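Read off the chains here:
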Amino acid sequence: MWDPHWIMQDEAHHLAPSNGPMEGTVPFRELSKLEKRIAIRNPYNPMQQPIKTYYTLSVEEVIDDLGTDAKKGLTEEEAAKRLLQYGKNEVQDKDQKSILRTLLEQFSNPIVWILIIAASLAFVYQHTLEGIAVLIVILINTLIGFFMERQAIRSMEKLKSMARSKAMVLRDGNKVHIDSVDLVPGDLLTIQAGDVITADARIISQNNLALKESALTGESTQVEKNTKPLPEDTQVADRANTVFKGTAVSRGNGIAAVVATGSQTELGKITGMAQEAQKEATPLNKKLRALSVRLIWLTLALAVLIFVLGIIRGETVVLMIETAIALAIASIPEGLPVISTLSLARGMLGMAKKNVIVKTLEAVQTLGETEVIFTDKTGTLTENEMHVQAIAFDETIGNISDEEGDREKLKKHPAYDLFLKVAILCNNGSLEKGKDHETKSSGDPEEVALLRMANGLSENVQNIRQKYPRIGEVPFDSEIKMMGTVNESGNEYLVGVKGAVEEVLEKCTKIYEEGKERDFDDKNEWKDKADKLASRGLRVLSFAYRISEKKPEKENFIHDLVFLGIAGFIDPARQDVKESIRDCKDAGIRVVMVTGDHPGTANAIARAVGLTDGDEVVNVHGKELLEKDLSKETMDKVLQASVFSRVDPGQKLDLVSIYQKKKIIVGMTGDGVNDAPALKKADIGIAMGIRGTEAAKEAADLIINDDAFTSVVTAIQYGRVIFDNIRTFVVYLLSCNLSEIMIVALASFMNLPMPLLPLQILFLNMITDVFPALAIGMSKGEPELVMKRSPRKSSEPIVSRRNWISIGVYALCLTVGALGAEIYVLSIPGIDDKVVNNVTFCTLILAQLWNVFNMPERQTPFFINQITRNKYVWLAIIFCVASTIVIYLFPALRSALSLVSFEPKVLAVIIVASLVPVALIQLLKRVFRIIG
């Protein structure tokens, strides 16, 4: 709802106070009725900004259409009107989860609702202790889930808290600094190297301007900017006349007219897509829900059956309702929500130690089902910094980034000294060591790469620059596509030039070969060499020089050059990625690169990191995904591709949807704003913590603190182990619970004394079931084995058909042991029904504890396996036995559970009978091989 004070507050913020106008503020005035109506309608974004393709217009047309002044910018009065008209330059969070919503979501599990019904019935029939016990179970589960999720939300809020950025604009002909949220369409932004762009703007003038747009487009190299109009079908990554919100100026300066703010910027649209992207329920949630529904129907069916049969036999309605409540409590594994939550929470803590921050509990396990990982290239598979990969002199190509031998070969080449001087002197980059001893760079990525190369070749950059002082420069310009410098070299002058191959070749009349300057006849040969390097995904620059005895003219010295050679630059693959991708392949996981970068560059990195087994790379270009309905041929190619290049954010989202429609569990890694929608849509979104933008971190399920792809593989391993643990403790819990149902049902049919009372069943379910199951959830598993098998299909339930057979066999064996003990003691003359009940209860306690040793698969030794090596299992058994003894020692607790004392020979029966199920199960598993 609109606050009537908002206008006055906004005026206080944007308009001058009564003591006179300040720099960058609007003189105070009364707002018109129309403006107030606009503000009342929506103070944040009252009126949609006109959607126009400003990149297709000339500078003059842009200025005219925006109604601004190319020399003075907007007036303060006009800017204030537009702020009211178009709203603030910020994107509103549509999906902020309230505390109440977080709390209510903890009750979405069907098992919780069945427990609430069971507790209600217990209170109705005055079984207060049972009702309170069930409510405690519900409370514990709710609080664990609630506080875990709120902690994740608070962590993200801290990550998002950032200082408000400023922008410099022209207002009334003056340069003023304003809060970036106050930018409006038509404002003239003045930008320079180091600035972060705060709105989308069309460039109207520029000087040597270049930007780093990797956060938005995924392009690792800087983008040269100009003012020329572009065709309407130009993709965002290729709009060289526009600067975008969230990108950074790496070189030069310029003036740009703001054309979009807030949600209308490219960043805002991506954020909007991320907010609107529908997050699928995680596979674990789906499976636990499906299991819960099965258990609910099983509970209802058994309760109705027992109730009807009891009435037919002449039992009272009240007794049969009490029996039905007992069966309901027995059939529902009350500990399942608690144990699965704690097991996943422990997984979160373990992964945090491995540099993986998990925002949602279920995401830990879903990683284990991931079949395809879509990964961004820049910063995820690559270093996100340019390096010199290859250098070509006459017939020699040095692959200097890989082999020490090639570096030595390069240093011995006759052209090396001249090339090194040009690379260092015709260069405005810098590499400096900070106080933390980390090397900090500034300047063009390629220039920094040349300095890095020089350092790697043990050359002293500062000494060379001091020895040959610069006296002249022609800065790089997108028109001439080269840069030139003049440096004193004793009594001579060294002209150094670097730039685009064709442009530099045109200025060369000679070539340096075999230590001599020769006439330059065949320039096409060098164009072919440059094309060959470019086909390997390298960015190519050429180098030339001229030595003059006379001081060259100040700005006219790039002529009559001697060609030296070419260098290929690349943002190289991270060294640890190849092994991680091999691990993914062994685990049956496909890794697919999805990038906005050039196809050649993408293919080169794909081969370097081992995304493809051979040299052939299946690369799908973004243009192939423009069709609304993909043909079968294109769809097949999409599903087989190892690389997608020139892909925009919307297409990343489409790719995730395509794979999900094929029932494929999709993981998505990324660090840029452009990755946010797909990160949110994917089954598992994985953001990079160091290079990751706030938008990416907000949308993701996991954050990799060290930006290492190896951490993703570690997370997958954790996920698989956790699922195995969850499946094992579910089998354990259900076999124990089913045995309770069988015991109560069979005792009812056989007219035996009540073997288990409701509160005794709850004790079994919450103490002797829960703690061993929780210990199983803490098992470390067999990490090497889990990463050598294919991912589980998303359709595979937590409890498979094979598992249900095992559950039935385990439960039957537990029933045989417990009821066998009851029948045996009934044969003892004068035995009390309470003692009979206690024998069954205590036998089942021990039998369920020993049942934990039946969980390992048949292939593993009985005495040495992940269960026997798990110290928590032994601690759980000791705790449960100790708890039972403590209950016998305290009269109040003993009375609540209807326990009585009995003779030592009865205790011997209990111990022997409790071991019978273990012997039977191992016989069936290892000798007869009926179960796995």
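Before reading further, recall that the structure is shown in the block above.
We now turn to the structure provided with this report.

## A look at the pairing of strand β10 (residues 387-393)
Consecutive residues of a regular strand have side chains that alternate between opposite faces of the sheet. Most of β10 sits out of view: six of its seven residues are buried. Judged from the five bridges that link them, β10 and strand β20 (residues 561-570) form a sheet pairing that is antiparallel. Its bridge partner lying in β20, Ala392 is registered against Ile566.

## Focus on the nonpolar core
In this structure, Phe563, Ile566, Leu702, Phe709, Phe729 and Val730 are the most contacted members of the largest nonpolar core, which totals 140 residues. At 19 residues, helix α26 (residues 709-749) tops the list of elements feeding residues into this core. Excluding residues that lie within four positions of it along the chain, Leu702 makes contacts with Met351, Val356, Ile357, Val358, Ala363, Leu367, Ile684, Gly685, Ile686, Ala687 and Ala715. One finds Ala423, Leu431, Val461 and Ile464 within the second-largest nonpolar core, a separate group that totals 37 residues.

## As for the environment of Phe543
Of note, Phe543 is situated in strand β19 (residues 539-548). Overall, the relative accessible area of 0% leaves Phe543 in the buried class. Counting along the chain gives 125 residues from Phe543 to Leu418, while the straight-line C-alpha distance between them is 9.7 Å. When sequence neighbours within four positions are dropped, the list of residues in contact with Phe543 reads Phe419, Val422, Ala423, Leu450, Val497, Lys498, Phe563, Leu564, Gly565 and Ala567.

## A look at helix α20 (residues 577-586)
All of the buried residues along α20 are Val577, Ser580, Ile581 and Cys584. Down the axis of α20, the sector holding all buried residues measures 100°, keeping them to one side. Contacts from the buried residues of α20 go to β9 (372-375), β21 (590-594), α21 (599-609) and α26. Gly588, located one to two residues past α20, shows a positive phi value of around 75°.

## As for the pattern of salt bridges
One pass over the full model with this rule turns up 24 salt bridges. The salt bridge partner of Glu78 is Arg82, with a shortest N-O separation of 2.8 Å. With a gap of four residues between them, Glu78 and Arg82 both fall in helix α4 (residues 76-86), about one helical turn apart. Looking at Glu78, the relative accessible area reads 27%, which means it is partly exposed. Among the ionic pairs, Glu473 bridges to Arg470, the shortest N-O distance being 3.0 Å. Assessed through its relative accessible area of 28%, Glu473 is described here as partly exposed.

## Remarks on unusual backbone geometry
Even without a glycine there, the phi angle at Ser458 is positive, about 65°. Counting through the fold element by element, Ser458 comes out in the loop between α16 (445-456) and α17 (461-467). At Lys481, a residue that is not glycine, the phi angle is positive and equals roughly 55°. Inspection of the secondary structure assignment puts Lys481 in the loop between β14 (470-477) and β15 (482-489). Classification of Lys481 as partly exposed rests on a relative accessible area of 39%.

## Overview of the packing of α26 against helix α28 (residues 770-777)
The geometry of a pair of packed helices is captured by two quantities: the angle between their axes and the separation between those axes. Between α26 and α28, the shortest axis-to-axis distance is 8 Å and the interhelical angle comes to 160°. Between α26 and α28, the crossing angle belongs to the class labelled roughly antiparallel. Between α26 and α28 lies a crossing whose hand is right-handed. When α26 is examined against α28, the residues Asn725, Thr728, Phe729, Tyr732 and Leu733 are found in contact with a partner set consisting of Pro772, Ala773, Ile776 and Gly777. Tallied by class, the residues present in the contact of α26 with α28 amount to six nonpolar, three polar and no charged.

## Side note on a positive patch on the surface
On the surface, Arg346, Lys353, Lys780 and Lys871 cluster together into a positively charged patch. Here Lys353 lies in the loop between α12 (335-352) and β8 (356-358). By relative accessible area, Lys353 is classed as exposed at 74%.

## Notes on a nonpolar patch on the surface
A surface patch of nonpolar side chains, amounting to about 410 Å² of accessible area, comprises Phe123, Ile132, Leu135, Ile136 and Ile140. By residue number, the principal contributor to the nonpolar patch is helix α7 (residues 128-160), which donates four residues. Within the fold, Leu135 resides in helix α7. Note on Leu135: relative accessible area 40%, which makes it partly exposed.

## A word on the sheet that holds strand β24 (residues 666-670)
Where strands meet in a sheet, backbone hydrogen bonds hold them as pairs that are either parallel or antiparallel. Ordered in space as β8-β26-β25-β24-β9-β21-β23-β22, the eight strands form an open sheet in which the pairing is mixed. On the outer flanks of this sheet lie β8 and β22 (619-621), each paired with one strand and no other. Along the sheet, successive strands turn relative to each other by an average axial angle of 20°, direction set aside. As paired strands, β9 and β21 are joined by four bridges and run parallel to one another. By the bridge assignment for β21, Phe374 is matched with Val592. On the sheet, helix α22 (residues 632-640) packs against β21, β22 and β23 (643-645) and is oriented at approximately 125° with respect to β22.

Cut-offs used in this document
Residues numbered from 1 in each chain as written. Predicted model: local features only at pLDDT ≥ 70, side-chain atom pairs only at ≥ 80, totals over all residues. Heavy atoms only, no water. Buried < 20%, exposed > 50% of the residue type's maximum accessible area, 1.4 Å probe, protein only. Helix = DSSP H or I, 4+ residues; strand = E, 2+ residues; numbered from the N terminus. Pairing = 2+ DSSP bridges. Core = buried A, V, L, I, M, F, W, Y, C linked by side-chain atoms within 4.5 Å. Contact = heavy atoms within 4.5 Å. Arc of directions from axis to C-beta. Salt bridge = Lys/Arg side-chain N within 4 Å of Asp/Glu carboxyl O. Axes fitted to C-alpha atoms, helices over the stretch in contact; angles between N-to-C directions. Parallel < 35°, antiparallel > 145°, perpendicular 65-115°, else oblique. Left-handed = near helix turned anticlockwise from the far one by under 90°. Nonpolar A, V, L, I, M, F, W, Y, C, P; charged D, E, K, R; others polar. Patch = residues over 30% accessible without salt bridge, like charges linked within 9 Å, V, L, I, M, F, W, Y side chains within 5 Å. Areas by Shrake-Rupley, 256 points an atom, 1.4 Å probe, with all protein chains shown as cover. Lys, Arg positive; Asp, Glu negative; His and termini not counted. Charge placed at Lys NZ, Arg CZ, Asp CG, Glu CD.

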